[in-house]
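Residues per chain are reported as follows:
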Amino acid sequence: MSGISIEVELQEAEAQARLRALLDRMDRRQPFLAAVGGILVASAGRNFAAQSGPDGKAWTPLRPKTVKARTRAGQLPLTILRSNSKGKIGSSLAGSINARSTNDEVRIGSPVEYAAIHQLGGTIQKPARAAKIYRKRGEDGKIGRRFVKKSAADVVTDVEIGAHAITIPARPFLGISAADQEDIFAAAADWLGA
């Protein structure tokens, strides 16, 4: 599966012991772990809405060049990692977050192939390639400076796009916040009737 899933292990010994004690009291843990998955999916949704990681740290803002390109394309320029296509059909990273649980674990992640690079950050190396640009002649016969859709073009130009790198900053959306940890403990206590 492409995309990303996250594995979290509690590092704090007290929290780990507290959760282990609760889990040991459960025979069928899968429904409880499914509830934990629901808590974490909802938490990821809040991270997208707040445009911050589970730790509360704000994501790196979009570059001015990206905002300008989105505006020209008729998209909403200021949302990060959320659908910005004004209702057009397309995949949305925020809408793809899901959870799967068994009796022993819960996994939260996304099947979207670009999820990992947005969660972790990284650099994409783009090789040189040939492309076509489409433009239209104006009424005066001059070739316009703006690109148009292929169907509207009457001038096609072959161009070479050089090799280049695209660096994407980490914008973590998966993880467990302190509030999530408390929600999980509360769900465990509710589940056990404690």
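Residues numbered from 1 in each chain as written. Predicted model: local features only at pLDDT ≥ 70, side-chain atom pairs only at ≥ 80, totals over all residues. Heavy atoms only, no water.

1. Some thoughts on the overall build of the protein
Along its length, the protein carries five helices and seven strands. In the protein, the order of α-helices and β-strands from amino to carboxyl end is β-α-α-α-β-β-α-β-β-β-β-α. Relative to its full complement of 194 residues, the protein shows a buried share of 28%. Considering only contacts within the protein whose residues lie at least 6 apart along the sequence, 65% involve residues at least 24 apart. (Helix = DSSP H or I, 4+ residues; strand = E, 2+ residues; numbered from the N terminus. Buried < 20%, exposed > 50% of the residue type's maximum accessible area, 1.4 Å probe, protein only. Contact = heavy atoms within 4.5 Å.)

2. A closer look at the packing of aromatic side chains
Aromatic ring pairs are described here by two measures, namely the spacing of the ring centres and the angle between the planes. For the structure on display, the rule yields two aromatic pairs. Consider the rings of Phe48 and Trp59, whose centres lie 5.8 Å apart with planes at 80 degrees: the pair is edge-to-face. Of this pair, Phe48 sits in helix H2 (residues 30-50) while Trp59 sits in the loop between H2 and helix H3 (64-72); the two residues are eleven residues apart in sequence, bridging distant segments of the chain. There is no split in this pair, since Phe48 and Trp59 are both buried. One aromatic cluster in this structure is built from Phe48, Trp59 and Phe173. (Phe/Tyr/Trp six-rings, centres within 6.5 Å; stacked < 30°, edge-to-face > 60°.)

3. Observations concerning the pattern of salt bridges
Counted under the stated rule, the structure contains four salt bridges. Here Glu105 makes a salt bridge to Arg107, at a shortest N to O gap of 3.1 Å. According to the relative accessible area criterion, Glu105 is partly exposed, its value standing at 37%. The salt bridge involving Lys132 is made with Asp158; its shortest N-O contact spans 2.7 Å. Within this pair, whereas Lys132 is found in strand S5 (residues 129-135), its partner Asp158 is found in strand S6 (residues 155-161), the two being separated by 26 residues in sequence. According to the relative accessible area criterion, Asp158 is exposed, its value standing at 58%. (Salt bridge = Lys/Arg side-chain N within 4 Å of Asp/Glu carboxyl O.)

4. Quick notes on the nonpolar core
With 21 residues, the main nonpolar core has Phe32, Phe48, Leu81, Leu93, Ile97 and Phe173 as its most contacted residues. Listed by contribution, the elements that provide at least two residues to this core are H2 and helix H5 (178-192). Here this core takes seven residues from H2, the largest share from any one element. Excluding anything up to four places from it in sequence, Leu93 contacts Phe48, Leu81, Ser110, Val112, Tyr114, Ala115, His118 and Phe173. (Core = buried A, V, L, I, M, F, W, Y, C linked by side-chain atoms within 4.5 Å.)

5. Things to note about the environment of Val148
With respect to the helices, strands and loops of the structure, Val148 is situated in the loop between S5 and S6. For the pair formed by Val148 and Lys136, sequence separation is twelve residues and the distance between their alpha carbons is 6.9 Å. Filtering out sequence-adjacent residues up to four positions away, Val148 remains in contact with Tyr134, Arg135, Lys136 and Ala153.

6. A few points about the packing of H2 against H5
A packed helix pair is summarised by two numbers, namely the angle formed by the two axes and the spacing between the axes. One can describe the packing of H2 onto H5 by two numbers: an axis separation of 10 Å at closest approach and a directional angle of 155 degrees. With respect to H5, the axis of H2 lies roughly antiparallel. For the element pair H2 and H5, the recorded crossing hand is right-handed. Here Pro31, Phe32, Val36, Ile39, Leu40, Ser43 and Arg46 of H2 lie close against H5, whose contacting residues are Asp180, Asp183, Ile184, Ala187, Ala188 and Trp191. A per-class count over the contact of H2 with H5 returns nine nonpolar, one polar and three charged. (Axes fitted to C-alpha atoms, helices over the stretch in contact; angles between N-to-C directions. Parallel < 35°, antiparallel > 145°, perpendicular 65-115°, else oblique. Left-handed = near helix turned anticlockwise from the far one by under 90°. Nonpolar A, V, L, I, M, F, W, Y, C, P; charged D, E, K, R; others polar.)

7. Quick word on unusual backbone geometry
A positive phi angle, close to 55 degrees, is found at Gln51, a residue other than glycine. Note that Gln51 resides in the loop between H2 and H3.

8. Things to note about H5
Over its 15 residues, H5 extends 21 Å from the first C-alpha to the last, a length consistent with the 21 Å expected when each residue adds 1.5 Å. Where H5 is concerned, the buried positions are Asp180, Ile184, Phe185, Ala187 and Ala188. Projected down its long axis, H5 carries its buried residues within an arc of 155 degrees, all on one side. Turned more than 90 degrees off the buried face of H5, the exposed positions are Ala178 and Asp190. Just beyond H5, the residue with positive phi is Gly193, at close to 70 degrees. (Expected span 1.5 Å × (residues − 1). Arc of directions from axis to C-beta.)

In short, the description is geometric, and any link to function would need to be established separately.
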